[in-house]
Structures are given as structure tokens and as C-alpha cells.
Amino acid sequence: MQEKRPFTMTEWKYLPEADYRIALWRNTIQLFHEIKKPNFIGPFKAAGFNYVVDRPLLTKQGEQRQPDIIASGETGWLVLEITANQKSKESQLDKYKTIDPRYLGNYGLFPHGSSPDIISSRFDFVDDGSFCQIFVKDFFNLKNEGQIENQHLKTELIKAKEARLDLRKLPEIPITLLPEMKNQQEIRRGLIEIVMQLFAPNCVGKTPIQMVDEGLERLIDKIGIPEKHALMDRVKYQMNILIDNHLSGYLEFKDNTYRATEKFKQHHKTLEFVASRLKEWAGPSPQKTLQDERFYEK
């Protein structure tokens, strides 16, 4: 588990409400990893599954499908949909049944000839039909595990359920950006802490790709080049707005690098000014809950 960044400036986090979609992704991604302290092995990791994020695959009819996560191991493969939407995902999950597994090798995954196990990951129950569901709000839980064909995977999921894995005790994965992010407020909220680092003493600045990689954290190598490039373009667009309309004279983009200008001087009043402008840029912290489906694109 990677340590937290040394310069987090948590005192300048002006958006205290939980970003549920980020939290949902963080908790789900934990299940594919092993953490030495505390002694934790996620059920997907224990089942020998490697994963990629937001990669397109074709069905046997030539239609494109792009699940949130595709994972495979020697014993089988799975499709995982991560969703905070309060509407059923049954129809979308059903469309993943015909994904052609011959393309798994394109992403460095173990190829198979069988259909995938299909799972949705949520915080709380929403009826996704007969598909297997995992719940990752605080303690790991499981529903419809009988739908899992891969016996090794099923065993590990049931073990995690019976152990009531406490996800609250795990070190937080510092993901702040997701490849699927298109909403401007989500992107801006995901950049706030990274932007504040630009005003740290001795910071030489960050390029757009460095900012994206830092926001993606351990998803860096799990997404494709086109998806990363598209996210970088969205980040650059929002950063241009920040510089032009909110931090003109304090933040600049020069030689493909974002950095504080010479006008910026280290002082708590100046930092307060920068933080207030960042808050203005990100917009009012939305009073959203898991029941407000408009906040989520997926």
C-alpha cells in the first residue's frame, strides 16, 4: 500500500461531504489488492484475479461493451460494474453476458473461452435481478453468490462475507480521479488537493499527465492510453478555467507545467486566498446522498 502523499494540505479541504462514487471505487479496488498492515487480502486478489479498468471489449455480435472492471485469473474471468445509481443495473449487466473473451489477452489478462461471472458493486442494496452483488460500504457483504460459476472465486467471496471484512480499517487508497469522470465538479473536486501541492515550498510544478497520474494513483496502469488522454484533456480544460478566472497571477501554465507564479508568497493569508478561490472554482459542495441519482453518471 502506497503511503499518503507527504504534502496533503488537508486543512484546506473545503468540500467535507463524502464523494460517494470515489469512496465506492476505493473500497471496491481494495478487494483486488493485498495490504500487509493490516493483514488483508481482498477476495479477488485471493482468487488470483488481475484487473483493468474501463477497457472496451466486443461482444460476439460485434457490439462494444465497456464495463468498469474486467478481471481474470487462471480459473476464470469476471465483469464488475461499480454503481451508486439507485436504478437497477440488471439490463446493463445482462448485456455483458455476450462479451467475447478472446479479447482479454489484448489487455494482458488471462484468456478464457467461457462467459464471465458478472457482479455489481454497491454500498447498499438495489435490485439488480439475479446477478451477484457485493456491498462495500463498511463491511464486505455478498448477495446472490450462487450465480458465480467460478468455484474458486465463489469460495473466496463467501470467506470474505463470513469474515465480515471491515473495510473501514484499511488505509485509504488516495484515488481522486476516475477515467469515467466527465462532470466538471467531480473533476475539480478531484484536483483540489493536487493543485494545493503546487503551492508547497520547493514545488517545481506538475505537468498535466503528472496530475492525472497522481489522481488515478494505482489505476495508472489499469486504464488505456485513449482513456487517460481523454481524462487529461478534461483536466487541462478545467485547469485553464481555474487559471483564467480564479487564480490569475498566482498559478500559471508554462512549458507544459502548472506552477505557482513568482507573485505567490508563502503566507497563511495567501494560502487562505488560494484555498477560497479553489472552493469558488469547485463550486458549492453538493448536498448529495446515495439516493440522489442525478449526481452519478453510472
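Before going into details, it helps to say that this report is about the structure given with it. (Residues numbered from 1 in each chain as written. Predicted model: local features only at pLDDT ≥ 70, side-chain atom pairs only at ≥ 80, totals over all residues. Heavy atoms only, no water.)

## A short note on the pairing of strand 8 (residues 117-122)
Here is step 1 of the chain: Most of strand 8 is tucked away, with six of its six residues classed as buried.
Here is step 2 of the chain: Handedness of the β-α-β unit built from strand 7 (residues 76-82), helix 3 (residues 90-95) and strand 8 comes out right-handed.
Here is step 3 of the chain: The pairing of strand 8 with strand 9 (residues 132-135) spans four bridges and is parallel. Paired with S121 across the strands is I134, a residue of strand 9. (Buried < 20%, exposed > 50% of the residue type's maximum accessible area, 1.4 Å probe, protein only. Helix = DSSP H or I, 4+ residues; strand = E, 2+ residues; numbered from the N terminus. Right-handed = clockwise from strand over helix to strand, strands pointing away. Pairing = 2+ DSSP bridges.)

## Considering the layout of surface pockets
Here is step 1 of the chain: Its volume calculated, the second largest pocket comes out at about 200 Å³.
Here is step 2 of the chain: The wall of the second largest pocket is formed by E90, D94, K97, P116, D117, I118, S130, F131, C132, Q147, I148 and E149. (1 Å grid on protein atoms, 1.4 Å probe; cavity = no way out; pocket = protein on both sides within 12 Å on 5 of 7 lines; lining within 4 Å. Points joined across faces, edges and corners; volume = space filled by probe spheres on them.)

## Describing the environment of L216
Here is step 1 of the chain: Position of L216 among the secondary structure elements: in helix 6 (residues 208-216).
Here is step 2 of the chain: On the basis of relative accessibility, which here comes to 0%, the residue L216 falls in the buried class.
Here is step 3 of the chain: In this structure, the C-alpha to C-alpha distance between L216 and P174, residues 42 residues apart in sequence, is 8.2 Å.
Here is step 4 of the chain: Those residues in contact with L216 that lie beyond four places of it in its chain are I175, L177, L178, P179, I223, K228 and L231. (Contact = heavy atoms within 4.5 Å.)

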